[in-house]
Amino acid sequence: MLHPVTNEEIKFTKEQMGCINYVGDKRKDLVIRSAAGGGKSLVLIQRAKVYLDEAKKSGKKNAVVIFTYNHVLAKWLVEWMGLTSSDSAYIKIGTLHEYLNSVYGKLSGFKLGNPAYQRVKVNVMSETLSEHAKTIGLDKYEKWGMKFWGEEFAWMRSMNIFDRSDREKYMAMEREGRGHEHPMTQTDRMVAFEMFCKYQEKLRAKKCFDDAPGGDERILYLTHHENLIPDSLKFDHVLIDEAQDQSLAKMIALRSLARLDVTVCMDANQRIYEGRWRFAQAGLDPTSRRLSYPFRCTGQIDALAESLKAKNKPEIAEEDQVEHKAPTAVGEKPEIVCCKTADEERRYIIALINKWMTDDPIHTIGIMCYTNDAVDKIGGWLSAEHIKFDLIKNDEKASYSIKSPGVKLCTMHTSKGLEFMRVILPQFYQGMIPQNWALRDEEKLMQQRNVAYVGMTRAMHQLTIVYNGNKSKFVDEMDPSLYTDRTFAEAVEVELKKPTPEYVKRELPKEEHGAELVKTELAQESRRKRWSFS
């Protein structure tokens, strides 16, 4: 297998091969944890290829599925694996949310009605809050606001709370990620559950349901009616990448789709959405493996990203901690460029891109912004200078190539799971990232810090952060000894005139050096015997 960015033959570490060839006995499910660049997606792909080869030999159709959080990562995996149209009979790759909704749509019998219009949800929420305030003679909960309760109810659904039968489960559940704005007593939680049920029942009376992405009721219908899912919609092997951003409800539903086993890849440090869950809550008891060697970034890029991520360590559960070993690859310190005006930022970014494209035309340049508006702005700058670029967006029908050389433009959220030879993070000013409103809520701030970490760790060889005006709070949180701080004038004089450093091939750790690709025939034969493949 060739690396999609460097086009080099990939060699696997013993840790990685242990995951790829894992069969299991009593516990067939597997969770693979690693920090950014540790090879989770690589292992997932190779494990899926083993399953795919077995399915082809046995003639077993729809045997394997890989689920992702968004269409971009799904497209990336298809492109990396080099799948053909004939492979689609045996393996599927797509987003978990859309597949679960398609399963719901294929079920027969009574269901939930139609998705509620936004105005209907707002009216029902308002009725629920005002009626409850009149009933108990308190407007405390009404004062917490519609926005809070909309998020709270979506969070409850994301944690698989569906109806009154889930009361005890909700009361015993930790409110991880939801306790910063309005910490709740047990009494508050009893009130919250009653209002939640009233809200749900009012929607049901109108023959509609709440399809908010964070807590889509269709997913809960599946988790509470697993026996209705036909075998034809299930797979022998279910694999999922970036699982830390899936909800508990989706993970429970995912489990119900697997006939034989589930493989989960995740990194809690890259969690960029609300919601925390444990495997036991999802009915999974997987074997846990950790990948401790990061290969994507240079040591310099990794160290800077880790210095930012360290601010979040108290938020990471013990089971999600991964021993981190510094990469052995060496490169230049990342640079952070301070511009006085947006025009200076534009001029520097354009000049740097042109320089990199001239000096190294065979590799990729990733430009990642925090918001879609910023993506549009940078895209306008590139277009005005006639710089060709691929706009990578979360649209199944969008046409772009992630692995082909050249400039790739996307949001930091969209970039999860991707990697580029060189990366520019523009518009890195306070108010853009983090957003000023997030400063009031540590949970929101942590999520945005994780987004910045994701953006930084997409870079394999060079990382440049650029801002105009007031620098981001996150820059202040980084170790200043780990980056080169330059003004616009200094960057033009120094960075644009020096040679672009060449990429240096990544080497396996010393104890792994010289390891060849491990053959998988024995593992495959073991699987055939266990699962009676012909």
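From a predicted model like this one, the values you see are computed outputs, not experimental measurements.

Definitions and cut-offs
Residues numbered from 1 in each chain as written. Predicted model: local features only at pLDDT ≥ 70, side-chain atom pairs only at ≥ 80, totals over all residues. Heavy atoms only, no water. Buried < 20%, exposed > 50% of the residue type's maximum accessible area, 1.4 Å probe, protein only. Helix = DSSP H or I, 4+ residues; strand = E, 2+ residues; numbered from the N terminus. Pairing = 2+ DSSP bridges. Salt bridge = Lys/Arg side-chain N within 4 Å of Asp/Glu carboxyl O. Axes fitted to C-alpha atoms, helices over the stretch in contact; angles between N-to-C directions. Contact = heavy atoms within 4.5 Å. Phe/Tyr/Trp six-rings, centres within 6.5 Å; stacked < 30°, edge-to-face > 60°. Lys NZ or Arg CZ within 6 Å of the ring centre and 35° of its normal. Right-handed = clockwise from strand over helix to strand, strands pointing away. Expected span 1.5 Å × (residues − 1). pLDDT = per-residue confidence, 0-100. Core = buried A, V, L, I, M, F, W, Y, C linked by side-chain atoms within 4.5 Å.

A few words on the pairing of strand β12 (residues 406–411). A regular strand carries its side chains on alternate faces of the sheet. Among the six residues of β12, six are classified as buried, and the element is accordingly described as predominantly covered. Relative to β12, strand β10 (residues 364–369) runs parallel, the two being bridged by six bridges. From the neighbouring strand, G366 faces β12, where its bridge partner is K408.

Attention shifts here to the pattern of salt bridges. One pass over the full model with this rule turns up 37 salt bridges. A salt bridge links E152 to R175; the shortest N-O distance between them is 2.8 Å. Residue E152 is found in helix α7 (residues 146–158), and its partner R175 is found in the loop between α8 (167–172) and α9 (186–205); the two are separated by 23 residues along the sequence. The burial state of E152 is the same as that of R175; both residues are buried. Between K471 and D476 there is a salt bridge; the shortest N-O distance is 3.2 Å. Overall, the relative accessible area of 53% leaves D476 in the exposed class. When salt bridges that share partners are traced, they join K60, D231, D236 and R259 into one network.

The strand order across the open sheet built from seven strands is β11-β12-β10-β13-β14-β9-β15, with neighbouring strands paired in parallel fashion. Of all strands in the sheet, those bounded by a partner on one side alone are β11 (389–391) and β15 (484–487). When the angles between neighbouring strand axes are averaged without regard to direction, this sheet yields 20°. In the packing of helix α13 (residues 342–359) onto the sheet, the strands contacted are β9 (335–339), β10, β12, β13 (420–425) and β14 (459–468), and the crossing angle to β14 comes to about 160°.

On to the packing of aromatic side chains, then. Per the counting criterion, the structure on display carries 16 aromatic pairs. Relative to W144, the ring of Y141 lies with its centre 5.3 Å away and its plane at 85°, an arrangement referred to as edge-to-face. An angle of 50° between the planes, with centres 5.7 Å apart, marks the rings of W149 and F153 as tilted. Here the residue W149 and the residue F153 both occupy positions in helix α7, the gap between them amounting to four residues, near one helical turn. Accessibility assignment for this pair places W149 and F153 in one class, buried. Here the aromatic cluster, defined as three or more aromatic residues joined through ring pairs, consists of Y141, W144, F148, W149, F153, Y170, F193, F196 and Y199. Directly above the ring of Y400 sits K75, whose terminal nitrogen or CZ lies 5.1 Å from the centroid. Just above the ring of Y104 sits the side chain of K111; from NZ or CZ to the centre is 4.8 Å.

Before going further, it helps to spend a moment on the pairing of strand β7 (residues 258–266). As paired elements, strand β1 (residues 30–34) and β7 share four bridges and run parallel to each other. Considered in β7, the bridge of I32 is made with C265. Pairing of strand β6 (residues 235–240) with β7, which is carried by five bridges, proceeds in the parallel orientation. In the sheet register, I240 faces β7, and the bridge partner there is V264. On the question of chirality, the crossover connecting β6 to the parallel β7 by way of helix α11 (residues 248–255) is right-handed.

Moving on: α7. Look at α7: 18 Å from first C-alpha to last across 13 residues, which is about the 18 Å you get at 1.5 Å a residue. Listing the buried residues of α7 in full gives F148, W149, E152, F153, A154, W155, M156, R157 and S158. For α7, the secondary structure elements touched by its buried residues are α5 (118–136), α6 (140–143), α8, α9, α10 (217–223) and α11. Where α7 ends, the next residue or the one after it, N160, has phi of about 70°, a positive value.

One rule of thumb: low pLDDT means the predicted coordinates there are not for detailed reading. On average, residues of the protein carry a pLDDT of 90, and 92% of them reach 70 or more. Within the model, the stretch residues 513–534 combines pLDDT values under 50 with 46 contacts to residues more than four positions away or in other chains.

One finds I353, I367, L382, L425, F428 and M478 to be the most contacted residues of the largest nonpolar core, which totals 92 residues. For this core, the element with the highest residue contribution is helix α2 (residues 40–58), accounting for nine residues. Residues contacting I367, with those up to four places away along its chain left out, are I353, I378, L382, V407, K408, L409, C410, I424 and P426. Counting 62 residues, the second-largest nonpolar core is a separate cluster that includes A116, I161, M195 and A243.

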